[in-house]
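A look at the structure
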Amino acid sequence: MMNRDLLRKLPKVDELLQEEIVKKELNNTMRTLVVETLRQTIDTYRNLILKDKISELSKEDMLKTFSEHIKKNNSPKLRKVINATGTVVHTNLGRSLLSKSAVDAVVNVAENYNNLEYDIDKGKRGLRYSHIEDLIKKITGAESAMVVNNNAAAVMLVLNTLCSEKEAIVSRGQLVEIGGSFRVPDVMSFSGAKLVEVGTTNRTHLYDYENNINENTGVLLKVHTSNFKIMGFTEEVSIEDLVELGKKHSIPTYEDIGSGVLVDYSKYGFVYEPTVQESLKRGIDVVTFSGDKMLGGPQAGVIVGKKEYIDKMKKNQLTRALRVDKMTLAALEATLKYYLDEKEAIDNIPTLNMILNSKENIKRKANKLKRRLSNKVKNFEFKIESDYSMVGGGAMPTERLDTYVIKVKSYELSPEEIECKLRMNDTPIVVRIYNNEVIMDLRTLFEKDFDIIVNAFQNLK
Ligand SMILES: *Cc1c(COP(=O)(O)O)cnc(C)c1O
């Protein structure tokens with residue numbers, strides 16, 4: 001049949017609206033969306049005709065296409081994915097997962113009115129920061145605390161408050177760029193602080209700081225280089241020396257510690273990663289960190305330290321623009337509560353739980369998934385091997401966590417094809433390819449998702 005005849009046969013929206021399958025869809029989908037999807041379907045077929053891709057028009061096919069389109073159009077754009085990369089704090093995949101109690105807390109304040117800015121005891125207006133301040137103080141040992149939208153906002157607020165139009169002295173080796181192009185120097189210049197870089201990339205001495213102090217110095221800044229390590233011939237000024245220098249010249253010291261580590265991981269066999277508590281104990285005046293990296297909570301920036309400085313930040317007009325939402329506060333409070341007892345934190349906060357998960361436990365999961373895949377999926381070979389996973393989120397860059405992975409081999413599909421098809425699954429599954437092999441790391445996989453994974457492989461063609 002000629003193109004033109006086929007085009008003329010294309011059904012109209014009204015005609016398709018009479019089809020059973022479309023009528024049924026109207027029961028659970030907005031009419032606007034159904035109509036739009038019918039247009040999209042007709043367009044799809046018009047293009048197929050124009051490109052000579054089809055020689056016949058089948059209404060059955062069109063309705064099938066409609067069903068596929070509507071399923072896609074109905075599903076949220078921001079949605080669940082399965083993280084088989086083994087990277088626990090995966091910045092592209094939403095960083096930390098919330099614990100059950102944090103999720104419940106979010107739902108509770110989202111569905112109901114709440115005392116976000118209301119002091120129930122006094123019956124008067126209250127402060128949104130008050131709900132969480134005591135808890136943060138108790139856990140970190142800080143004199144005072146507040147929370148903003150994220151750690152980038154925290155850095156901005158601290159510098160704007162303590163160092164606007166003034167100089168912040170920082171070691172050249174700490175001027176880092178963090179994933180998603182957060183560059184410490186850029187954020188600093190937005191804050192109005194003037195950056196004074198001292199030392200060299202690998203070595204900075206106390207005298208480098210001291211020689212640059214003048215009447216216009218606002219803060220002595222230390223940035224934790226969380227996503228890389230400079231090895232070999234290096235020297236950093238110790239926190240103690242920096243604090244002493246600050247005291248001597250009455251200049252506040254500020255550390256952007258990045259990842260919000262509140263547990264000493266060296267107890268569990270990791271390299272020592274500086275904790276927030278330790279920095280405060282050593283005398284740093286202000287420390288900032290993320291809520292959704294190693295802390296394992298919602299996106300947030302936590303600022304802790306001396307009351308005189310934090311009070312100034314609370315009064316800064318910028319705080320209004322960087323303020324934290326009630327759902328974040330609810331999730332953060334529920335997450336932080338676990339830190340009152342370290343064991344509870346490790347057992348209940350998914351990020352900590354996954355980082356500290358035992359090798360045996362991961363192997364047990366690997367065996368379980370492999371057994372199910374081997375039983376149900378033909379034409380693939382699944383094999384368990386030991387490997388390493390990463391913490392991610394720019395935290396602990398040199399730490400290799402012992403793990404078990406399932407390596408997938410197919411005689412028909414290339415690793416790239418498997419990766420792509422798994423990614424295009426209804427619930428996308430994100431895997432790694434390494435040495436021409438598809439790898440699924442069991443560290444970040446949950447048993448509740450095994451059905452989805454097995455199903456996805458059954459549908460791989
Ligand atoms: C991650 C990180 C930031 C940015 O924190 P966000 O919470 O992502 O805004 C800033 N500084 C350091 C050192 C970091 O590691």
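Residues numbered from 1 in each chain as written. Predicted model: local features only at pLDDT ≥ 70, side-chain atom pairs only at ≥ 80, totals over all residues. Heavy atoms only, no water.

1. Some points on unusual backbone geometry
Phi at Asp 52 takes a positive value of approximately 60°, unusual for a residue other than glycine. Positionally, Asp 52 belongs in the loop between α4 (31–50) and α5 (59–74). Under the relative-accessibility criterion, Asp 52 is labelled exposed at 60%. Positive phi is not limited to glycine here, since Asn 436 has a value of about 65°. (Helix = DSSP H or I, 4+ residues; strand = E, 2+ residues; numbered from the N terminus. Buried < 20%, exposed > 50% of the residue type's maximum accessible area, 1.4 Å probe, protein only.)

2. A look at the domain arrangement of the chain
For the chain, the assigned domains read domain 1 (2–73), domain 2 (82–91 + 355–458) and domain 3 (99–348). Using only C-alpha atoms to locate each centre, domain 1 and domain 2 end up separated by 37 Å. (Domains from an automatic or database assignment.)

3. What to know about the sheet that holds strand β13 (residues 380–389)
If you walk across this open sheet you meet the four strands as β13-β14-β17-β16, and the pairing is antiparallel. Lying at the two open borders of the sheet, with one neighbouring strand each, are β13 and β16 (432–434). Neighbour to neighbour, the strand axes of the sheet diverge by 40° on average, direction disregarded. In terms of strand pairing, β13 meets strand β14 (residues 401–410) through ten bridges, oriented antiparallel. (Pairing = 2+ DSSP bridges. Axes fitted to C-alpha atoms, helices over the stretch in contact; angles between N-to-C directions.)

4. Some words on the packing of aromatic side chains
Given two aromatic rings, one states the distance between the centres and the angle between the planes to describe the pair. All told, the structure shown has four aromatic pairs when counted by the stated rule. Ring plane angle 85° and centroid distance 5.3 Å describe the contact between Phe 382 and Phe 457, whose orientation is recorded as edge-to-face. Taken together, the residues span a long stretch of sequence, with Phe 382 in strand β13 and Phe 457 in helix α20 (residues 450–458) at a distance of 75 residues. Judged by relative accessible area, Phe 457 falls into the buried class, the value being 1%. Taken together through their ring pairs, the aromatic side chains of Phe 380, Phe 382 and Phe 457 make up a single cluster. Geometry around Tyr 388 places Arg 400 over its ring, the cationic atom sitting 3.8 Å from the centre. (Phe/Tyr/Trp six-rings, centres within 6.5 Å; stacked < 30°, edge-to-face > 60°. Lys NZ or Arg CZ within 6 Å of the ring centre and 35° of its normal.)

5. Remarks on the pattern of salt bridges
Per the counting criterion, the structure on display carries 33 salt bridges. Close ionic contact of Lys 59 with Glu 19 constitutes a salt bridge, the shortest N to O distance being 3.4 Å. In this pair, Lys 59 sits in helix α5 while Glu 19 sits in the loop between α2 (13–16) and α3 (20–26), placing the two residues 40 residues apart along the sequence. You can call Lys 59 partly exposed: its relative accessible area is 32%. A salt bridge links Lys 307 to Asp 311; its shortest N-O distance comes to 2.7 Å. (Salt bridge = Lys/Arg side-chain N within 4 Å of Asp/Glu carboxyl O.)

6. Considerations on the nonpolar core
Formed by 72 residues in total, the largest nonpolar core has its most connected members in Leu 159, Tyr 265, Ile 303, Val 304, Met 313, Leu 336 and Tyr 339. In terms of residues, this core owes the most to one element, helix α8 (residues 151–163), which gives eight residues. When residues of this core are assigned to domains, at least three map to each of domain 2 (82–91 + 355–458) and domain 3 (99–348). Apart from the residues lying within four places of it in its own chain, the contact partners of Tyr 339 are Ile 139, Leu 262, Val 263, Met 294, Leu 295, Ala 345, Ile 349 and Leu 352. (Core = buried A, V, L, I, M, F, W, Y, C linked by side-chain atoms within 4.5 Å. Contact = heavy atoms within 4.5 Å.)

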